[in-house]
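Notes for the structure review
Listed below, chain by chain, are the residues.
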Amino acid sequence: MSTVTTNQAVEQQLNLQVANWTLLYTKLHNFHWNVKGNHFFTLHAKFEELYDTAAGYLDDIAERLLAIGGKPVATLKEVLEAASVKEAAGTESADQMVAAVISDFQSVAGELEKGMKAAEEAGDQATSDLLLGIKKDLDKQVWMLNAYLGK
C-alpha cells in the first residue's frame, strides 16, 4: 500500500479551498437568513441547499488534505487570511445575493483548476479528481443561478 505525501503547492491549493468553503458556508447562511422579497421561499431553500453542499466540500477537502499529510486551516483568523472570497456585506438584495454566489463560485472554480494542475504535477490523481467533481458541480450551479437571474 503506497501513501501519497503532500507537496507545498497542493497543500496551499487545498487550504485555499478549505478557507473559501468555510467562508462560503457562513456567507450562504447569511443569505439564507436574510433574503427577502418575492422569491424568498425559492432562495431561502436554495441557499440552504448550497450551504449544506459547502459543508460537504469543506469536510471532503480537509480530510483529503489530512490524508496526504497536510494540515487544514482551522481557525477563523486563518480562514479570513487565506480565503480569496469575501464576506457578505449584509445589505445585499436577493438578486445581489445570487450574483455574489455566482461570482464566488466562478472564482472558486478557477482556483480549483489551479489545484487540479498542482495535484496532477504532484502525481496526486485522487486530489485532482476530488477537485474536478467540485468544479463540475459549481459550473452547473453557476449556469442555474444565471438562469434564475435571466442571463
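This is a predicted model, so every value here is computed, not measured. (Residues numbered from 1 in each chain as written. Predicted model: local features only at pLDDT ≥ 70, side-chain atom pairs only at ≥ 80, totals over all residues. Heavy atoms only, no water.)

With respect to the packing of helix α2 (residues 40-67) against helix α5 (residues 125-148)
Between α2 and α5, the least distance of the axes is 11 Å, while the angle of their chain directions is 165 degrees. With respect to their mutual orientation, α2 and α5 come out roughly antiparallel. For the pair α2 and α5, the crossing hand works out as left-handed. Residue-level inspection shows Leu43, Lys46, Glu49, Leu50, Thr53, Tyr57, Asp60, Ile61 and Arg64 of α2 in contact with α5, the latter providing Ala126, Thr127, Leu130, Ile134, Asp137, Gln141, Met144, Leu145 and Tyr148. A breakdown of the residues in the contact of α2 with α5 according to their chemical character gives ten nonpolar, three polar and five charged. (Axes fitted to C-alpha atoms, helices over the stretch in contact; angles between N-to-C directions. Helix = DSSP H or I, 4+ residues; strand = E, 2+ residues; numbered from the N terminus. Parallel < 35°, antiparallel > 145°, perpendicular 65-115°, else oblique. Left-handed = near helix turned anticlockwise from the far one by under 90°. Contact = heavy atoms within 4.5 Å. Nonpolar A, V, L, I, M, F, W, Y, C, P; charged D, E, K, R; others polar.)

Notes on empty space enclosed by the protein
With the rule as written, the count across this model stands at one cavity of 30 Å³ or more. Together, Trp21, Leu50, Thr53, Tyr57, Phe105, Asp137, Leu138 and Gln141 line the largest cavity. For the lining of the largest cavity, the elements supplying multiple residues, two or more each, are α2 and α5. Tallied by class, the residues present in the lining of the largest cavity amount to five nonpolar, two polar and one charged. (1 Å grid on protein atoms, 1.4 Å probe; cavity = no way out; pocket = protein on both sides within 12 Å on 5 of 7 lines; lining within 4 Å. Points joined across faces, edges and corners; volume = space filled by probe spheres on them.)

Some remarks on the pattern of salt bridges
Tallied over the entire structure, the rule returns five salt bridges. Here Lys46 makes a salt bridge to Glu49, at a shortest N to O gap of 3.1 Å. With a gap of three residues between them, Lys46 and Glu49 both fall in helix α2, about one helical turn apart. Residue Arg64 is joined to Asp124 by a salt bridge in which the shortest nitrogen-to-oxygen separation is 2.7 Å. With Arg64 in helix α2 and Asp124 in the loop between α4 (94-121) and α5, this residue pair connects regions lying 60 residues apart in the sequence. Taken individually, Arg64 and Asp124 each receive the classification buried, so the pair is uniform in this respect. In this structure, a network of salt bridges that share partners links the residues Glu113, Lys135 and Asp139. (Salt bridge = Lys/Arg side-chain N within 4 Å of Asp/Glu carboxyl O. Buried < 20%, exposed > 50% of the residue type's maximum accessible area, 1.4 Å probe, protein only.)

A few points about α4
Look at α4: 41 Å from first C-alpha to last across 28 residues, which is about the 40 Å you get at 1.5 Å a residue. Downstream of α4 by a residue or two, Gly123 has a phi angle that is positive, lying close to 75 degrees. (Expected span 1.5 Å × (residues − 1).)

Description of the packing of aromatic side chains
Inspection of the entire model under this criterion finds five aromatic pairs. The interplanar angle of 45 degrees and the centroid separation of 6.0 Å between the aromatic rings of Trp21 and Phe105 together place this pair among those described as tilted. Pair noted here: Trp21 is in helix α1 (residues 8-34) and Phe105 is in helix α4, with a separation of 84 residues, a long-range link. The exposure class assigned to Trp21 is buried, which follows from its relative accessible area of 1%. Connected via pairs of aromatic rings, a cluster forms that spans Trp21, Tyr57 and Phe105. (Phe/Tyr/Trp six-rings, centres within 6.5 Å; stacked < 30°, edge-to-face > 60°.)

Re the side chain of Lys46
Looking at Lys46, the relative accessible area reads 14%, which means it is buried. Here Gln141 takes part through its side chain, which lies 2.9 Å from a polar atom of the side chain of Lys46. Filtering out sequence-adjacent residues up to four positions away, Lys46 remains in contact with Gln141, Met144 and Leu145. (Polar contact = N/O pair within 3.5 Å; in protein donor to acceptor, adjacent residues only side chain to side chain.)

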